[in-house]
Amino acid sequence: MPVNITSIQTSSNGVWEGDNPLNFAFPLLIVQTTLILIITRILAFLFKPLRQPKVIAEIVGGILLGPSALGRSQDYMKRIFPKWSTPILESVASIGLLFFLFLVGLELDLNSIRRSGRRAFSIAAAGISLPFILGFGVAVVFRKTITGADKVGYAQFVVFMGVALSITAFPVLARILAELKLLTTQVGETAMAAAAFNDVVAWILLALAIALAGNGDKHKSPVIAVWVLLCGVAFVIFMVVAVRPVVKWVARRCSSEQDVMDEAYICLTLGGVLVSGFITDFIGIHSIFGAFVFGLMVPKHGDFARKLTERIEDFVTGLLLPLYFASSGLKTNVATISGGRAWGLLLLVIATACAGKIIGTFVVALICKIPARESLTLGVLMNTKGLVELIVLNIGKEKKVLNDEMFAILVLMALVTTFITTPTVMALYKPARGGTQTTKRKLQPDYAEETNTPSRPSAKEELRLLACAHGPGNVPGLINLIESVRTTKSKLRLYIMHLVELTERPSSIVMVQRLRRNGLPFIGRPSTRTGATEVLDRVAVAFKTYGQLGRVVVRPVMAVSALSTMHEDICHVAEQKRMTMIILPFHKMWRMEEGEEVVENVGHGWTRVNQRVLKHAPCSVAVLVDRGLGSRLGKESDGEVQRVCVVFFGGPDDREALELGGRMAEHPAVKVTIIRFVERERMGRNDIRLLPSPEKNTESSYTFSKATMNREEEKALDDVAVTELRRRGEGVAEYTERQVGNIVEDVLQIGRSGEYQLIVVGKGRFPSMMVAGLAEQPAEHAELGPIGDILACSNSGVVSSVLVVQQHDIAHADEVPVSKVICSEHVETIDSEV
């Protein structure tokens, strides 16, 4: 039954009064918003492995919620998205769109267009012109083929079609480039500059299209369109002449010297966005044009733009903007694309849009002497549509230029062209990451084959460490660990990498632009300023202070990257700077809070980062499981000694852990105890054979090296390493041997005793017979190896921090889960041919 919208009340009196909340505006809006957020977040999670921007999930989510899928149920539409609620939902969504376009203008730096030179200008011009011209042909085909297309004036329709095909979505392109680590490469910078120019021209053309369209009247007087355009030009001039100086003054008042940003300036700026939107709507141009222009007026260099973005981005992009996609999806009915004619038109539009953008950009890029592969990549990148395309289409439908069928065809075109961008670019282009270092580095010295004696490094050789941190919480434990390995015999050079997950926030994209060079993390000095803005990184500041007090050379670097490719940044810096060891934080951290133990978990995604680094690192790797190691900072100066235990079973990883323990023993405030576990001598001893079992899940099973090992040689190397360490650590390191009873209980006893602040163990990729017996034990943290996992397990009662060490050896890189077989005669640990 029809509903009188003026009778709709805001809130209900509750179910106990007999009211259905879905019949009232505000409760229904809450339900709609919640449903939209759940659907889009689920889809974003599903599309994440495909490395698709979030806009894809939001567009698909909107279509699924509309008449194309769930909306086929009339009961669903009447209850959840009744027609009377559409103006309310669209009004709230329009507020989000208004502020999002303000953020787009805030992100778009017009100076970059001027700096980019003729190359980016030429590429942008070609990328706009050819698709716009081809849009004329598509418009003619549509007017002759689709019923009702000729009801709109020819000029309005042609301009809208030209804009729809020629536009490049600058915000979506920035997120795709950041995801692929191309944002600061030459290709990425050229694409961004061209897209910025494209965006400006597109908004001008869109303003022209809106002025021509009016309310869709075919016989609209051209005089009105001229007045609209003249008023639009006057508005832009007023913004540049009158508003821009005021905004610059506000930005100076909110400089980095001010500790807090005055709330009045925030309110003034946000109010300016709303007023600008109202003025352009009053003129006859869409309100988003005013918000976009106001964003362009804000100075890009300085703290004001950054702080402003951080204040509003989550609320706008996380909550309000998905509502806009949902409202768009409610207008999109894929069922209107029926029959061979309609699907043929869809293919025509997709082919025309792709051909116009890619061919036009490719040809001009070749003329500008850009290599063919990079030119083709630029063409694909410039073909990105997404959000801005959807805005144009919604305005076209709102102005009655596009009917339901045309709208659905063009929405699917935007979806397909954006979806194919990431996989196509990944297949076409991979930027060079610099030369590969041939020297692989580890702590333990090599041994001369004839004498079996270690060739120790010279006293002048540096110990180069790359310590990674998720955030300030990792800093105390890392500083304590790093301080314990400092010796007077070798100089320490420390690189600190703050690992930051790349998000789709505008501020995250800005961080990528400031903190990467040529697609790679920028390594600077602690006081480095990027542009006019100092990167305020508490991790770097803390280590800068430590470096000054401890006279340690510290170089900070921040890696802003997707978790799936974070290991590439870590391994690149380790390779480029010839690191001896990488120190990674475990994804869990224990700390005491009001007398209770609290576990902080940064997420399973970081576990995969550690796994990839362990597999691909060009040097040795250590994973720190912090159980309050940093709480001892400063106690060494009070005369308190830090106690460290090295648990040794044998094998390359354990020897690397032993070498690290030997370095710690040279520190006057560290007391090291080496506990070597040996097997009990018994008659009829059975050996353990480990057979590769690739079918096992690597998440819950330990993995071991596939390389063949000689147990006698390994035993000899173990003995030499222990003998050498006992010689070097005489008087400063305590050495004991224990016979293994129950290996799990023996190791847990050490961790539970509380005698040691830190326990150092090897990962055990080449396990001794003792550790091999644990091969089929269920793993909670498989990347730590059997012994490390025992000490890091939840609810194990272990109170000591744990450092799990993996020695670098390229021959050991391939690892597989195994099955354990008991046999009566000696065999190799893993027979890779079985």
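Conventions adopted
Residues numbered from 1 in each chain as written. Predicted model: local features only at pLDDT ≥ 70, side-chain atom pairs only at ≥ 80, totals over all residues. Heavy atoms only, no water. Helix = DSSP H or I, 4+ residues; strand = E, 2+ residues; numbered from the N terminus. Buried < 20%, exposed > 50% of the residue type's maximum accessible area, 1.4 Å probe, protein only. Contact = heavy atoms within 4.5 Å. Areas by Shrake-Rupley, 256 points an atom, 1.4 Å probe, with all protein chains shown as cover. Pairing = 2+ DSSP bridges. Salt bridge = Lys/Arg side-chain N within 4 Å of Asp/Glu carboxyl O. Core = buried A, V, L, I, M, F, W, Y, C linked by side-chain atoms within 4.5 Å. pLDDT = per-residue confidence, 0-100. Axes fitted to C-alpha atoms, helices over the stretch in contact; angles between N-to-C directions. Parallel < 35°, antiparallel > 145°, perpendicular 65-115°, else oblique. Left-handed = near helix turned anticlockwise from the far one by under 90°. Nonpolar A, V, L, I, M, F, W, Y, C, P; charged D, E, K, R; others polar. Patch = residues over 30% accessible without salt bridge, like charges linked within 9 Å, V, L, I, M, F, W, Y side chains within 5 Å.

### Topic: the overall build of the protein
Stage number 1. Secondary structure assignment for the protein yields 27 helices and 19 strands.
Stage number 2. A buried classification covers 56% of the 834 residues belonging to the protein.
Stage number 3. Sequence-distant contacts, at least 24 apart, represent 82% of the contacts inside the protein between residues at least 6 apart.
Stage number 4. For the protein, the accessible area works out to roughly 35900 Å², and carbon and sulfur atoms hold 57% of it.

### Points about the pairing of strand S7 (residues 553-561)
Stage number 1. Most of S7 is tucked away: eight of the nine residues are buried.
Stage number 2. Bridging between strand S2 (residues 492-501) and S7 involves nine bridges; their strand directions are parallel. Opposite Leu494, over in S7, you have Val554 as the bridge partner.

### Structural notes on the pairing of strand S1 (residues 463-469)
Stage number 1. In terms of residue burial, S1 counts as a mostly covered element, since seven of its seven residues are buried.
Stage number 2. Residues Leu463, Leu465, Ala467 and Ala469 point to one face of S1 and Arg464, Leu466 and Cys468 to the other, with burial holding for every one of them.
Stage number 3. In terms of strand pairing, S1 meets S2 through seven bridges, oriented parallel. Along S2, the bridge assignment pairs Arg464 with Arg493.

### Describing the pattern of salt bridges
Side-chain pairs of opposite charge can arise where the charged atoms are in close proximity.
Stage number 1. Taken as a whole and judged by the stated rule, the model has 16 salt bridges.
Stage number 2. Ionic pairing is found between Arg727 and Glu724, a salt bridge with its closest N-O pair at 2.5 Å. Residue Arg727 and its partner Glu724 are located together in helix H24 (residues 711-728), separated by three residues, close to a single helical turn.
Stage number 3. We classify Arg727 as exposed; its relative accessible area is 52%.

### Quick notes on helix H11 (residues 287-297)
Stage number 1. With eleven of its eleven residues buried, H11 lies for the most part within the structure.
Stage number 2. Every buried residue of H11 is accounted for by Ser287, Ile288, Phe289, Gly290, Ala291, Phe292, Val293, Phe294, Gly295, Leu296 and Met297.

### Notes on the nonpolar core
Stage number 1. Leu101, Phe102, Phe142, Phe157, Trp203 and Ile391 are the most contacted members of the largest nonpolar core, which has 149 residues in total.
Stage number 2. At 15 residues, helix H8 (residues 186-213) tops the list of elements feeding residues into this core.
Stage number 3. Ala559, Met566, Trp590 and Ala617 belong to the second largest nonpolar core, which has 51 residues in total.

### Some remarks on the confidence of the model for the protein
Stage number 1. For the protein, the mean per-residue pLDDT works out to 81, and 84% of the residues sit at or above 70.
Stage number 2. With pLDDT under 50 throughout, residues 434-438 is counted as low confidence; its partners more than four residues away or in other chains account for four contacts.
Stage number 3. Counted against residues more than four places away or in other chains, residues 824-834, with its pLDDT under 50, gives 34 contacts.

### What about the packing of helix H1 (residues 25-47) against helix H4 (residues 86-107)?
Stage number 1. For the pair H1 and H4, interaxial distance at closest approach is 10 Å and the crossing angle is 60°. Here H1 is positioned oblique relative to H4, judged by the angle of their axes. Handedness of the crossing formed by H1 with H4: right-handed. Contacts between H1 and H4 involve Ala25, Leu29, Gln32 and Ile36 from the former and Ile88, Leu89 and Val92 from the latter.
Stage number 2. Class assignment for the residues of the contact of H1 with H4 results in six nonpolar, one polar and no charged.

### A look at a nonpolar patch on the surface
Stage number 1. Side chains of Leu130, Leu134, Ile359, Val363 and Ile367 sit close together on the surface and give an oily, nonpolar patch of about 420 Å² of accessible area.
Stage number 2. Elements with a minimum of two residues in the nonpolar patch: helix H5 (110-145) and helix H13 (339-367).
Stage number 3. Looking at the nonpolar patch element by element, the count peaks at three residues for H13.
Stage number 4. In this structure, Val363 sits in helix H13.

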